[in-house]
Amino acid sequence: MNRVTLTAPAPPAPAPPAKRPARRPRSRTGTSAWTPWLYLLPALAVLGALLVYPVYQLGLISFLEYTQAQVSGGAPTSFQGLGNYTALFADPQFRQVLLATVVFAAACVAGTLAVGCALAVLLTRVRALPRLALMLAALGAWATPAVTGSTVWVFLFDADFGPVNRLLGLGDFSWTYGRYSAFALVLLEVVWCSFPFVMVTVYAGIRAVPTEVLEAAALDGASQWRIWRTVTAPLLRPILAVVTIQSVIWDFKVFTQIYVMTGGGGIAGQNLVLNVYAYQQAFSSSRYSLGAAIGVVMLLILLAVTLVYLRLLRRQGEDL
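Now for a look at the structure at hand.

Each value, and the rule that gives it
Residues numbered from 1 in each chain as written. Predicted model: local features only at pLDDT ≥ 70, side-chain atom pairs only at ≥ 80, totals over all residues. Heavy atoms only, no water. Helix = DSSP H or I, 4+ residues; strand = E, 2+ residues; numbered from the N terminus. Buried < 20%, exposed > 50% of the residue type's maximum accessible area, 1.4 Å probe, protein only. Contact = heavy atoms within 4.5 Å. Areas by Shrake-Rupley, 256 points an atom, 1.4 Å probe, with all protein chains shown as cover. Axes fitted to C-alpha atoms, helices over the stretch in contact; angles between N-to-C directions. Left-handed = near helix turned anticlockwise from the far one by under 90°. Nonpolar A, V, L, I, M, F, W, Y, C, P; charged D, E, K, R; others polar. Core = buried A, V, L, I, M, F, W, Y, C linked by side-chain atoms within 4.5 Å. Parallel < 35°, antiparallel > 145°, perpendicular 65-115°, else oblique. Phe/Tyr/Trp six-rings, centres within 6.5 Å; stacked < 30°, edge-to-face > 60°. Lys NZ or Arg CZ within 6 Å of the ring centre and 35° of its normal. Patch = residues over 30% accessible without salt bridge, like charges linked within 9 Å, V, L, I, M, F, W, Y side chains within 5 Å. Salt bridge = Lys/Arg side-chain N within 4 Å of Asp/Glu carboxyl O. Disulfide = S-S within 2.5 Å. Expected span 1.5 Å × (residues − 1). Polar contact = N/O pair within 3.5 Å; in protein donor to acceptor, adjacent residues only side chain to side chain.

### A word on the overall build of the protein
Helices and strands together make up the secondary structure of the protein, namely 14 helices and two strands. The 320 residues of the protein split such that 33% are buried. Across the protein, the fraction of contacts at a sequence separation of at least 24, relative to all contacts at a separation of at least 6, is 65%. For the protein, the accessible area works out to roughly 20400 Å², and carbon and sulfur atoms hold 67% of it.

Structure, rendered in structure tokens:
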């Protein structure tokens with residue numbers, strides 16, 4: 001008899017595991033990647049209401065014909081396109097004011113950084129009591145309103161009653177009469193009210209630098225200037241980037257000091273800067289669209305300077 005061999009059927013192939021729904025990326029702490037944005041949402045909403053909408057209105061008005069006639073309803077508002085910008089860049093006074101603003105802001109930023117960094121280093125060299133006195137004096141200058149500080153500086157350098165002319169033996173020399181002397185006077189006031197921010201910020205950064213690094217550089221025979229240039233300054237580069245950008249923004253849009261100390265821009269507008277020039281065009285001449293165009297140009301210049309500076313820092317390997 002032939003034997004019949006029975007073969008057991010092969011077991012069914014296991015079913016592929018069900019795919020789990022994709023999970024949202026999580027950080028090392030276990031929180032969702034969107035969690036930081038949820039915390040920032042209230043601040044972003046406030047910034048959007050206070051910044052985005054005004055910038056939108058500024059840009060919109062710069063493309064319109066918007067004068068006192070349109071404000072009062074006596075004439076319809078018409079779209080001008082780039083007409084306001086064409087008229088602006090064709091104006092030789094605007095080009096002169098733009099150049100003066102760039103040079104003046106650069107001088108103010110350089111002076112502010114130099115004085116602030118030098119005093120920050122000095123704070124690390126003096127004892128507790130002189131350091132406290134210097135900090136209080138600097139914070140007092142920082143807290144002084146711009147109008148008050150400008151008025152005090154005008155009195156100090158007054159041609160008739162100012163004590164500075166008497167101490168220097170300048171007689172009745174008028175600081176606000178000449179173009180360059182007036183700019184120099186305003187520059188001193190801007191540096192005086194701006195350096196405390198740089199001083200306090202850089203001082204906090206210096207205190208965070210490990211003392212072992214500075215002591216090792218000193219043992220190698222490096223001078224104080226070389227230690228600052230090759231050791232301290234590279235470590236403080238992110239902090240210096242912040243104070244530089246902040247100083248550029250503040251000094252490029254100076255208004256109060258120029259307006260108060262030079263009487264609205266100096267004799268025949270010789271001390272005009274872009275902010276004062278925009279104010280004159282918008283409110284003194286009722287050419288609101290032209291003043292808005294100047295504001296847009298200033299905004300674009302500041303954005304360009306900030307982005308270029310941050311790009312240069314990133315090329316150097318700085319994590320900001």
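### Things to note about the packing of helix H9 (residues 211–219) against helix H10 (residues 224–235)
Axis separation between H9 and H10 bottoms out at 11 Å; the angle between their running directions is 145°. By crossing handedness, the relation of H9 to H10 is classed as right-handed. Listed contacts from H10 to Val213, Leu214, Ala217 and Ala218 of H9 are Ile227, Val231 and Thr232. By residue class, the composition of the contact of H9 with H10 is six nonpolar, one polar and no charged.

### Digging into the nonpolar core
Judged by nonpolar contacts, the single largest core of 55 residues is most densely connected at Phe104, Met199, Val202 and Ile294. When residues of this core are assigned to their parent elements, the largest contribution, twelve residues, is made by helix H4 (residues 92–123). With near-sequence residues (within four places) excluded, Phe104 lies in contact with Phe183, Val186, Leu187, Val190, Val254 and Val273.

### Regarding the packing of helix H5 (residues 128–143) against helix H8 (residues 179–208)
Two packed helices can be described by the angle between their axes and the distance between those axes. Contact pair H5 / H8: the axes reach a minimum separation of 7 Å and the direction vectors enclose 135°. Classified by the angle between their axes, H5 and H8 sit oblique to one another. You can see that H5 and H8 cross each other, and the crossing is left-handed. Residues Arg131, Met135, Ala138, Leu139, Ala141 and Trp142 of H5 lie in contact with H8, whose contacting residues are Trp192, Cys193, Phe195, Pro196, Phe197, Met199, Val200 and Tyr203. Broken down by class, the residue content of the contact of H5 with H8 amounts to 13 nonpolar, no polar and one charged.

### Some details on the packing of aromatic side chains
Summed over the entire model, instances satisfying the criterion amount to 18 aromatic pairs. Aromatic pair Trp142 and Phe197: ring centres 5.8 Å apart, planes at 55°, arrangement tilted. Within this pair, whereas Trp142 is found in helix H5, its partner Phe197 is found in helix H8, the two being separated by 55 residues in sequence. A residue is classified by how much of its surface remains accessible, and Phe197, at 16% relative accessible area, is buried. Seen from the ring of Tyr180, Arg179 lies directly overhead, with NZ or CZ sitting 5.9 Å from the centre.

### Comments concerning a nonpolar patch on the surface
A contiguous nonpolar surface patch, about 520 Å² in accessible area, is contributed by Leu51, Val52, Val55, Leu299, Leu300 and Leu303. Elements represented by at least two residues in the nonpolar patch include exactly helix H1 (35–62) and helix H14 (288–315). Position of Leu300 among the secondary structure elements: in helix H14. Given a relative accessible area of 52%, Leu300 falls into the exposed group.

### Details of the side chain of Thr232
Counting through the fold element by element, Thr232 comes out in helix H10. Residue classification places Thr232 among the buried positions, given a relative accessible area of 6%. Excluding residues that lie within four positions of it along the chain, Thr232 makes contacts with Ile206, Leu214 and Ile227.

### Some words on unusual backbone geometry
Residues other than glycine seldom take positive phi values, yet Ala268 does so here, at roughly 55°. You can see Ala268 is positioned in the loop between helix H12 (256–261) and helix H13 (274–284).

### Quick word on the state of the cysteines
Scanning the model with the defined rule gives zero disulfides in all. As a non-bridged cysteine, Cys193 has Cys108 as the owner of its nearest cysteine sulfur, 9.0 Å distant. On the basis of relative accessibility, which here comes to 16%, the residue Cys193 falls in the buried class.

### Remarks on H4
Between the first and last C-alpha of H4 there are 46 Å, a value that for 32 residues agrees with the 46 Å anticipated at 1.5 Å per step. Capping the start of H4, Asp91 holds a side-chain oxygen 3.2 Å from the backbone nitrogen of Gln93, two or three residues further along.

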